[in-house]
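Here is what each chain is made of, one letter per residue.
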Amino acid sequence: MIMKDHHRHYLTFAFWGLFLVIVLLLNIVQDFERTVIGSYIGGAIHWFNGKPLYYSGGTGFLYFPHSAILSGLFAFFPKQISYSICLSTLVLFLAFSVFTFVKNLYNKNTSQYFLFYSLVTIPIAFSSATVGQFNITVIATMLLASTSIYKEKWNIAVFWMVLGFALKPIVLVFLLLCWAVYRPLWLKMAIGMVLFLLFPFLFQYPTYVLEQYKGCYQMLTIAHEVGVTGTNWAQLFGFFSHFSLEITSSFIQTVIRMLMALVTLVIALRIKLIATHRETVIYILGLSACYLMLFNPRTENSTYVVLAPTIASLWIASGYNLKNYMSLSCFLAALISVMSYYISNLIIPGHSSWAAPIAAIIISINLMIYYFKFEKRIGVKRQITEGCAELV
């Protein structure tokens, strides 16, 4: 029996509803002790009371002042209520972003693809959602910005990217890549970043805001060094460190990151020329996600929710058949993203993050396969055009 579209939608929304209920119940039972929401709300309370947001050590509140301001929406209710509202907002925001992305980029069989995207995204998002990490806002704003870019609604795209950046700095990778690739964003994004810098001054005295910007810079610098020198991070250098290929030099890691950022930019610019608008939007989302997973110094297992939509996109493009290399590799990437903590500890006890980068490596390889497919396709079109010209 073939399921009707509206039945698929009901089923998918039921999955999201069940996901939300599980997230809330787990936290209520544990009295919200495992969440990091306290860090966001604590930052909000500090901000509105004019107290410092940052302290040394590269831990604690690791976000821009904007995140503290926006977290103020949840800060002035009793703990159980504010934490529940924040967790619910994160899950619903992710569901909304996935639905909006699929609805606009897959205008045929939307219910089928929404269901599939959700089945891939929900398990990978579980660890972030249960602890209330803003990794959820990273991928949600990236999906909504990608949708706006696809629809050529540039102002709205800027809004989503700047909002994502304000909530968690790692959105910068996606923001810069889109800014470089899409000409209509050049001026609009510059204006958006100016407004971003001015936003905190609406909520506190200038001297206090400037002090927090200074503290934010110092904190990000220290946090970067902690990421570079640590080995139990779910990024490429953390992966290498478990196989006698440890690179602890901040300078060398930075050089490698800059070179790979340049390669990523070149590929994105080339994709813009050889792929369709829709393919480019999906591809740049994937490029950004892979770069973040592999080269952000403080990538954690839970950060891999950012990779989930790209896994789903490639899986759909491969036709779901697990006998197909692409489908099988996407299945493995999804499985590793969900189970990386357990896989890592099972093989190397006491080390919980080294397996996750394998998922990003697999997806990066698949993206390069598609890059060469696009190049081959444009080559065939060129040959046909030249052949037709000779006939004329």
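Source: prediction; values computed, not measured.

J.: Sorry, what's going on with the overall build of the chain here?
T.: Within the chain, the secondary structure is distributed over 16 helices and zero strands. Rg of the C-alpha trace for the chain: 21 Å, near the compact-globule value of 21 Å for 392 residues, within the 12% margin. Each principal axis of the C-alpha distribution contributes one length, and for the chain these read about 75 × 50 × 45 Å. Looking at the chain as a whole, 52% of its 392 residues qualify as buried. Just so you have it, the chain exposes about 18,400 Å², and 70% of that area is on carbon and sulfur atoms. Charge separation in the chain, taken as the distance between the mean sites of 24 positive and 12 negative side-chain charges, equals 8 Å.

J.: Explanation requested: the nonpolar core in the structure shown.
T.: Nonpolar side chains in soluble globular proteins generally cluster together in the buried interior. Membership of the largest hydrophobic core comes to 126 residues, with the highest contact counts inside it found for Met 161, Leu 307 and Ile 311. The element best represented in this core is helix α13 (residues 277-295), accounting for 13 residues. Every residue in contact with Leu 307, bar those within four places of it in the chain, is listed here: Ala 289, Cys 290, Met 293, Ala 359, Ala 360 and Ile 363.

J.: I tried to follow unusual backbone geometry on my own but got confused; where do I start?
T.: Excluding glycine, residues mostly carry a negative phi; peptide bonds, for their part, are mostly trans. Positive phi, close to 55°, is recorded for Asp 31, a residue that is not glycine. Among the secondary structure elements, Asp 31 is positioned in the loop between α1 (5-29) and α2 (37-48). Judged by its relative accessible area of 34%, Asp 31 falls in the partly exposed class. Phi at Phe 32 takes a positive value of approximately 60°, unusual for a residue other than glycine. As for its placement among the helices and strands, Phe 32 is situated in the loop between α1 and α2. We classify Phe 32 as buried; its relative accessible area is 4%.

J.: For this particular structure, what's the right way to read the pattern of salt bridges?
T.: Any two side chains of opposite charge can pair, on the condition that their charged atoms come close. Evaluation of the coordinates by the stated rule reveals three salt bridges. Across the pair Glu 375 and Arg 270 runs a salt bridge, and its minimum N-O distance is 2.8 Å. Pair noted here: Glu 375 is in helix α16 (residues 356-391) and Arg 270 is in helix α12 (residues 250-274), with a separation of 105 residues, a long-range link. Judged by relative accessible area, Glu 375 falls into the partly exposed class, the value being 21%. Of the residues examined, Arg 270 reaches a relative accessible area of 28% and is grouped as partly exposed.

J.: What is the right way to look at the packing of helix α8 (residues 172-181) against helix α9 (residues 185-198) in this model?
T.: Packed helices, taken two at a time, are described by their axes: the angle between them and the distance between them. Close contact between α8 and α9 brings their axes to 8 Å; oriented N to C, the two are set at 145°. Counted together, Leu 175, Cys 178, Trp 179 and Ala 180 of α8 and Leu 185, Trp 186, Met 189, Ala 190 and Met 193 of α9 form the full contact between these two elements. Broken down by class, the residue content of the contact of α8 with α9 amounts to nine nonpolar, no polar and no charged.

J.: Mind showing me how you'd approach the packing of aromatic side chains here?
T.: Both the distance between ring centres and the angle between the ring planes are used here to describe each pair of aromatic rings. By the definition in use, this model includes 34 aromatic pairs. Measuring from ring centre to ring centre gives 6.1 Å for Trp 315 and Phe 331, while their planes differ by 70°; the resulting arrangement is edge-to-face. On the criterion of sequence distance, the pair formed by Trp 315 in helix α14 (residues 308-318) and Phe 331 in helix α15 (residues 325-347) is long-range, its members being 16 residues apart. Using a relative accessible area of 34% as the deciding quantity, one classes Phe 331 as partly exposed.

J.: Would you mind showing me how to read the environment of Leu 273 here?
T.: Mapping Leu 273 onto the fold places it in helix α12. Accessibility expressed as a relative area gives 64% for Leu 273, which makes it exposed. Each C-alpha atom of the pair Leu 273 and Phe 374 lies 9.9 Å from the other, and the pair is 101 residues apart in sequence.

J.: Any chance you could explain α14 here in plain terms?
T.: Since the α-helix advances by 3.6 residues per turn, residues separated by three or four positions end up pointing in the same direction. With ten of its eleven residues buried, α14 lies for the most part within the structure. Of all the positions in α14, only Ala 308, Pro 309, Thr 310, Ile 311, Ala 312, Ser 313, Leu 314, Trp 315, Ile 316 and Ser 318 are classed as buried. Taken from the residues just after α14, Gly 319 is the one with a positive phi, measuring 90°.

Reading the values: rules and limits
Residues numbered from 1 in each chain as written. Predicted model: local features only at pLDDT ≥ 70, side-chain atom pairs only at ≥ 80, totals over all residues. Heavy atoms only, no water. Helix = DSSP H or I, 4+ residues; strand = E, 2+ residues; numbered from the N terminus. Rg over C-alpha atoms; globule rule 2.2 N^0.38 Å. Buried < 20%, exposed > 50% of the residue type's maximum accessible area, 1.4 Å probe, protein only. Areas by Shrake-Rupley, 256 points an atom, 1.4 Å probe, with all protein chains shown as cover. Lys, Arg positive; Asp, Glu negative; His and termini not counted. Charge placed at Lys NZ, Arg CZ, Asp CG, Glu CD. Core = buried A, V, L, I, M, F, W, Y, C linked by side-chain atoms within 4.5 Å. Contact = heavy atoms within 4.5 Å. Salt bridge = Lys/Arg side-chain N within 4 Å of Asp/Glu carboxyl O. Axes fitted to C-alpha atoms, helices over the stretch in contact; angles between N-to-C directions. Nonpolar A, V, L, I, M, F, W, Y, C, P; charged D, E, K, R; others polar. Phe/Tyr/Trp six-rings, centres within 6.5 Å; stacked < 30°, edge-to-face > 60°.

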